[in-house]
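Chain residues, written in single-letter form:
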Amino acid sequence: MTFSGDLFATLDVARDGVSAVSSELCGSDDFPRLLPEWFSILWDVIRATTPVLQRAIGRLQQMPQDDFHRALLDFYLLKITEESGHDEMLATDLAKLGVPRESLVRRLPPAPIAAMVGSQYYLIDHVHPAAYLGYLAMLEGYPADTQKLSRAIEQSGAPPEAWSTYRMHAEVDTWHRQEIADMLDLIPDDATIRGAIVSNGLRTADYYCQALDTLVARATKIAA
Amino acid sequence: MTTKTPTTSYVALSTEDQALADKLKARGELKKDRKPVFPVLMAIV
């Protein structure tokens with residue numbers, strides 16, 4: 001099996017964990033009331049994508065320019081292009097839910113999200129910029145099923161146009177996963193780098209579950 | 001040109017990571033009996 005195959009096989013159980021708690025959130029009668037907060041959490045994450053990628057690129061530019069590092073640099077440059085402006089798109093969606101941009105930029109993210117995103121800088125600086133691939137694999141490797149997403153949108157009570165950013169990711173992440181897999185299969189047989197990628201993917205899922213737990217705890221009733 | 005890695009790619013999970021994977025798996029197991037009508041609502045980048 002390839003490294004990407006190994007990694008995603010490991011992250012599949014993490015996906016199941018996220019699925020369980022996100023189903024609780026989505027199935028709750030309070031989902032419409034909690035939607036703006038969940039979208040705000042998504043914004044806490046997505047606002048950091050370009051800065052973190054820039055950090056990874058800067059770090060890579062200080063490293064030996066061998067084939068692997070050049071390939072990883074090219075991949076992260078591609079990601080910056082692919083993800084550019086998505087934070088603003090989501091801010092526009094949030095405005096449709098009555099959440100002004102000013103409140104987003106001034107809010108303190110939930111602690112698990114600050115840890116999930118903040119730890120990427122640490123791993124990039126002090127372990128290896130490739131560690132970030134674990135985070136990307138977890139968050140882009142499991143795009144929402146578009147039919148089930150329609151049900152979630154209906155459950156939210158929000159207009160579909162407020163879900164434009166999320167719906168777009170459900171479509172594009174299908175091939176983003178393959179791009180990530182192709183990059184993962186260029187990772188050298190280095191246990192530290194590969195271990196960091198796997199670990200980071202699992203930790204990413206755990207942190208995100210912790211943030212969703214807080215939202216679910218606020219739900220007054222879980223729909224059967 | 002970079003080449004794809006060989007097939008001996010298994011990375012053994014650390015004790016900490018295995019515990020984390022087990023915890024996440026247990027979360028998923030709890031809901032397995034429910035019909036998966038909703039999607040996985042992952043964060044987006």
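Before reading further, recall that the structure is shown in the block above.
Model, not experiment: these values are computed from the prediction. (Residues numbered from 1 in each chain as written. Chains lettered and ligands numbered in written order. Predicted model: local features only at pLDDT ≥ 70, side-chain atom pairs only at ≥ 80, totals over all residues. Heavy atoms only, no water.)

**Student:** I'd love a proper account of the overall build of chain B, names of residues and values included.
**Tutor:** Across its full length, chain B carries one helix and zero strands. The proportion of buried residues among the 45 residues of chain B is 38%. Of the roughly 3000 Å² that chain B leaves accessible, carbon and sulfur atoms contribute 58%. (Helix = DSSP H or I, 4+ residues; strand = E, 2+ residues; numbered from the N terminus. Buried < 20%, exposed > 50% of the residue type's maximum accessible area, 1.4 Å probe, protein only. Areas by Shrake-Rupley, 256 points an atom, 1.4 Å probe, with all protein chains shown as cover.)

**Student:** How would you explain the pattern of salt bridges if you had to name every residue and give the values?
**Tutor:** Residues and elements named next belong to chain A. A complete count under the given rule lists 15 salt bridges over all chains for this structure. Among the salt bridges present, the one from Arg33 reaches Asp30, with a minimum N-O distance of 3.6 Å. Given a relative accessible area of 11%, Asp30 falls into the buried group. Put simply, Arg107 and Asp44 hold a salt bridge, and the shortest N to O gap is 2.7 Å. With Arg107 in the loop between helix H6 (101–106) and helix H7 (111–126) and Asp44 in helix H2 (residues 31–46), this pair connects stretches of sequence that are 63 residues apart. (Salt bridge = Lys/Arg side-chain N within 4 Å of Asp/Glu carboxyl O.)

**Student:** Run through empty space enclosed by the protein, naming residues and quoting values.
**Tutor:** Over the atoms a probe the size of a water molecule is rolled, and this reveals where empty space is left. The tally for this structure, following the rule as stated, stands at two cavities of 30 Å³ or more. Taken as a whole, the largest cavity spans an internal volume of roughly 50 Å³. Looking at the largest cavity, the residues that line it are Leu139(A), Tyr142(A), Pro143(A), Ala144(A), Tyr166(A), His169(A), Ala170(A), Asp173(A), Met42(B), Ala43(B) and Ile44(B). Of the residues forming the lining of the largest cavity, the biggest block, four residues, is contributed by helix H10 (residues 164–184) of chain A. When the residues that make up the lining of the largest cavity are grouped by side-chain class, the tally is nine nonpolar, one polar and one charged. (1 Å grid on protein atoms, 1.4 Å probe; cavity = no way out; pocket = protein on both sides within 12 Å on 5 of 7 lines; lining within 4 Å. Points joined across faces, edges and corners; volume = space filled by probe spheres on them. Nonpolar A, V, L, I, M, F, W, Y, C, P; charged D, E, K, R; others polar.)

**Student:** How would you summarise the packing of helix H1 (residues 3–27) of chain A against helix H11 (residues 191–218) of chain A if you had to cite specific residues and measurements?
**Tutor:** Any two packed helices are characterised by the angle at which their axes cross and by the distance between the axes. Residues and elements named next belong to chain A. At a minimum axis separation of 9 Å, H1 and H11 run at an interaxial angle of 5°. Taken together, H1 and H11 sit at an angle that is classed as roughly parallel. Only Arg194, Ile197, Val198, Gly201, Leu202, Ala205, Tyr208, Cys209, Leu212, Asp213, Leu215 and Val216 of H11 make contact with H1, whose side of the interface consists of Phe3, Leu7, Thr10, Leu11, Ala14, Gly17, Val18, Val21, Ser22, Glu24 and Leu25. Each residue belonging to the contact of H1 with H11 can be placed in one class, and the counts come to 16 nonpolar, four polar and three charged. (Axes fitted to C-alpha atoms, helices over the stretch in contact; angles between N-to-C directions. Parallel < 35°, antiparallel > 145°, perpendicular 65-115°, else oblique. Contact = heavy atoms within 4.5 Å.)

**Student:** Any details on helix H8 (residues 132–140) of chain A? Residues and values, ideally.
**Tutor:** Of all nine residues in H8(A), nine are buried, a share of seventy percent or more. Within H8(A) the residues assigned to the buried category are Tyr132(A), Leu133(A), Gly134(A), Tyr135(A), Leu136(A), Ala137(A), Met138(A), Leu139(A) and Glu140(A).

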